[in-house]
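Below are the chains, spelled out letter by letter.
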Amino acid sequence: MIELLSPAGDFECLTAAVNYGCDAVYLGGTEYGMRASAAKFDFDTLKKATELAHSKGVRVYLTCNTVPSNDEIEALPEYIKNAAACGIDAAIVSDIGSVALIKDTVPQLDVHISTQAGVVNYVTANELYKMGAKRVVLAREVDIDNIRRIRDKIPADMEIEVFVHGAMCVSFSGRCLLSSFLTGRNANKGECAQPCRWKYNLVEEKRPDQFFPIDEDENGSYILNAKDMSMICHLDKLKDAGVTSFKIEGRAKSSYYVAVITNAYRAAIDALNNGEPLPKWAEEEVYKVSHRQYSTGFYLGKEDAQQYYEDSGYIRTFDFVGVIDRCENGTVYMTQRNYFTVEDELEVLSPGKKPVPLRLPYLINSNGEQITVANKATEKLTFSCDIDFPSGSILRKPSK
């Protein structure tokens, strides 16, 4: 069966991923992860996260995929022992020395080879298997035909994981030095400032104050700006090629993003496993989170893996406005997240369900007052409804 692997940048995102149908989550500890801004899981939090995930049958994978210095790699054995004691199911690793150290220190812990390792062929995968790797996360540059070739030439019990959704790096498997050179923030230590998203012009040596657009648009050119990936319509091709795990990018994304995308891909995978067509509503869901223009990456050929030159901004068609805490006796109790009014045409997204429209009869604030405008973040609100929504359901509205 295919695994759905969701990102968890913090505990709220982890909870959303678990509730909305993932089979596993990947998250970062306070060290060794490629998303320094999402390093929210110290050992106490990591233990609580694994306990929650395991109570729902969800596996937890810890990212240890930076390129460690001498000092960092010397501290890795103690770190991974403490992490393993928290109950993690696997470590995601890119550095060969780190693989060896982890297998020596906690041999029972599964090791997954990170996409940062840039694995694009079966010979490399086989050598990593000999070192103790259970899974390889292929480089995003590998197309479907070559995934199939790798699957055919590696051990049957070695798993293949690939990204199916989210932001893409302009550099090969994320091996980028731009951020280090331009800002001093090392992308290979999880500190990327994303200079690939900046707008660039040319300057000529003898004309220091004159900036020339790289294309003929007066606004300049985002020459390094990659599109986002969405493979929700092509999961059958990846399954047929022998992929074991479908991975959603986004440890720096919001809990709303995690919930919506996890829910959509859960529905898509369930339909695929049941021999059913992709639900139309699930296909539409990926457009209801902030995203750049979508492509299919390198999977179906280079013609769809092109850059997007017009800007580096996001497309947003819906706003996340609140979370349902509980429903009791026809009353919905919710926590507001963003501005909305009783006049808005809302949607409610519940785990495992397609979205349903909702019109509010009224709103009552935390002081017991009836209001028409909700404009206080985290305010506790209530309204009446004859639908019993599960806790954690999301309320959203179309963006204006």
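Residues numbered from 1 in each chain as written. Predicted model: local features only at pLDDT ≥ 70, side-chain atom pairs only at ≥ 80, totals over all residues. Heavy atoms only, no water.

Overview of the overall build of the protein
Summing up its helical and strand segments, the protein has 10 helices and 22 strands in all. Within the protein, the proportion of its 400 residues that are buried is 52%. A separation threshold of at least 6 residues defines the contact pool for the protein, and within that pool the share at least 24 residues apart is 67%. About 18500 Å² of surface is accessible on the protein, with carbon and sulfur atoms providing 49% of the total. (Helix = DSSP H or I, 4+ residues; strand = E, 2+ residues; numbered from the N terminus. Buried < 20%, exposed > 50% of the residue type's maximum accessible area, 1.4 Å probe, protein only. Contact = heavy atoms within 4.5 Å. Areas by Shrake-Rupley, 256 points an atom, 1.4 Å probe, with all protein chains shown as cover.)

Notes on the layout of surface pockets
Counted as a void, the second largest pocket has a volume near 240 Å³. Of all elements in the fold, only α9 (255–273) and β13 (318–328) reach the threshold of two or more residues within the lining of the second largest pocket. The greatest single-element share of the lining of the second largest pocket, amounting to three residues, is contributed by β13. Looking at the lining of the second largest pocket residue by residue, the class counts come to seven nonpolar, three polar and three charged. (1 Å grid on protein atoms, 1.4 Å probe; cavity = no way out; pocket = protein on both sides within 12 Å on 5 of 7 lines; lining within 4 Å. Points joined across faces, edges and corners; volume = space filled by probe spheres on them. Nonpolar A, V, L, I, M, F, W, Y, C, P; charged D, E, K, R; others polar.)

A closer look at the pairing of strand β22 (residues 394–398)
The buried count for β22 comes to four of five residues, which makes it a mostly enclosed element. In terms of strand pairing, strand β16 (residues 346–349) meets β22 through three bridges, oriented antiparallel. Residue Glu-347 lies in a different strand from β22, and its bridge partner there is Arg-396. (Pairing = 2+ DSSP bridges.)

As for the pairing of strand β4 (residues 90–93)
Alternating positions in β4 separate into two faces, Ala-90 and Ile-92 on one and Ala-91 and Val-93 on the other, with burial throughout. In terms of strand pairing, strand β3 (residues 59–64) meets β4 through four bridges, oriented parallel. Counterpart to Cys-64 in the pairing with β4 is Val-93. For the crossover from β3 across helix α3 (residues 70–85) to β4, the handedness is right-handed. Looking at chain direction, β4 and strand β5 (residues 110–113) are connected through four bridges and run parallel. Bridge pairing links Ile-92 to His-112 in β5. This β-α-β element, β4 to helix α4 (residues 96–105) to β5, shows right-handed connectivity. (Right-handed = clockwise from strand over helix to strand, strands pointing away.)

Quick notes on the pattern of salt bridges
This structure, assessed with the given rule, holds 27 salt bridges. Between Arg-135 and Glu-161 there is a salt bridge, with its nearest N and O atoms 2.7 Å apart. A residue pair is termed long-range when its members are at least 10 positions apart, and Arg-135 in strand β6 (residues 133–137) and Glu-161 in strand β7 (residues 159–167) qualify at 26 residues. Classification of Arg-135 as buried rests on a relative accessible area of 2%. With a relative accessible area of 0%, Glu-161 lands in the buried category. Salt-bridge contacts for Arg-266 lead to Asp-270; the nearest nitrogen and oxygen are separated by 3.2 Å. (Salt bridge = Lys/Arg side-chain N within 4 Å of Asp/Glu carboxyl O.)

A word on the packing of aromatic side chains
Enumeration over the complete set of coordinates arrives at three aromatic pairs. Between Phe-43 and Tyr-79, the aromatic rings sit 5.5 Å apart at their centres with planes inclined by 50 degrees, giving tilted as the arrangement. Of this pair, Phe-43 sits in helix α2 (residues 43–55) while Tyr-79 sits in helix α3, and the two are 36 residues apart along the sequence. Residue Tyr-79 is classed as buried on the basis of its relative accessible area of 5%. Seen from their ring centres, Tyr-287 and Tyr-294 are 5.3 Å apart, and the 80 degrees between their planes marks the pair as edge-to-face. Note on Tyr-294: relative accessible area 16%, which makes it buried. For Arg-140, the ring lying beneath its charged end belongs to Phe-163, and the centroid distance is 3.9 Å. (Phe/Tyr/Trp six-rings, centres within 6.5 Å; stacked < 30°, edge-to-face > 60°. Lys NZ or Arg CZ within 6 Å of the ring centre and 35° of its normal.)

Some remarks on the side chain of Thr-262
Turning to its location among the elements, Thr-262 is positioned in helix α9. Apart from the residues within four sequence positions on either side, Thr-262 is in contact with Leu-4, Ser-6, Ala-17, Tyr-20, Gly-21, Cys-22 and Ile-248.

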